[in-house]
Amino acid sequence: MFIHAVLFKIDSEEVKDYRKDSIMWARHAKKYSKGFVSYHTVKRAGVKNQYVSVYRWKTRNHRDIFMKEFHDFLVSESKAKVKTLGHYNLKAIDEVS
């Protein structure tokens, strides 16, 4: 399992658009990538105006192929003004569900 998380700083008036944009990205991933597993929007607890978009993929290669094909298009379609604070690539080693 490959997890890609992006930490954003988002002003309160942009959150509604950010959430719509995030769902748009996730729907494209679900529709166009067989390796897409899930998407989560999370807000950092105790930190003002910070949100994380968390994507789970079967493999990093699935994520890379999707991003190569759709990243620029989805950025052009996104409406929210956000500041990216960091990208995190994570590889699952244990999972209990």
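Scroll up to find the structure.
The shown structure was predicted, so the numbers you read here are calculated from the model rather than taken from an experiment.

Caption draft 1: Quick peek at the pairing of strand E3 (residues 50-57). Taking burial as the measure, the eight residues of E3 include seven buried ones, the bulk of the element. In this structure, strand E1 (residues 2-9) lies alongside E3, joined through eight bridges in antiparallel fashion. Pairing of Ile3 across the sheet is with Arg56, part of E3. Bridge count between strand E2 (residues 36-43) and E3: seven bridges; the pairing is antiparallel. In the sheet register, Lys43 faces E3, and the bridge partner there is Tyr51. Here E2 folds back onto E3, and the loop between the two strands holds six residues, one of which, Gly46, carries a positive phi near 80°.

Caption draft 2: Spatial organisation of the packing of aromatic side chains. With the rule as written, the count across this model stands at seven aromatic pairs. Both rings, one in Tyr18 and one in Tyr51, keep their centres 5.7 Å apart while their planes meet at 55°; by these two values the pair is tilted. A residue pair is termed long-range when its members are at least 10 positions apart, and Tyr18 in helix H1 (residues 15-32) and Tyr51 in strand E3 qualify at 33 residues. A residue is classified by how much of its surface remains accessible, and Tyr18, at 3% relative accessible area, is buried. With relative accessibility at 11%, the residue Tyr51 sits in the buried group. Seen from the ring of Tyr51, Lys43 lies directly overhead, with NZ or CZ sitting 5.3 Å from the centre.

Thresholds applied
Residues numbered from 1 in each chain as written. Predicted model: local features only at pLDDT ≥ 70, side-chain atom pairs only at ≥ 80, totals over all residues. Heavy atoms only, no water. Buried < 20%, exposed > 50% of the residue type's maximum accessible area, 1.4 Å probe, protein only. Helix = DSSP H or I, 4+ residues; strand = E, 2+ residues; numbered from the N terminus. Pairing = 2+ DSSP bridges. Phe/Tyr/Trp six-rings, centres within 6.5 Å; stacked < 30°, edge-to-face > 60°. Lys NZ or Arg CZ within 6 Å of the ring centre and 35° of its normal.

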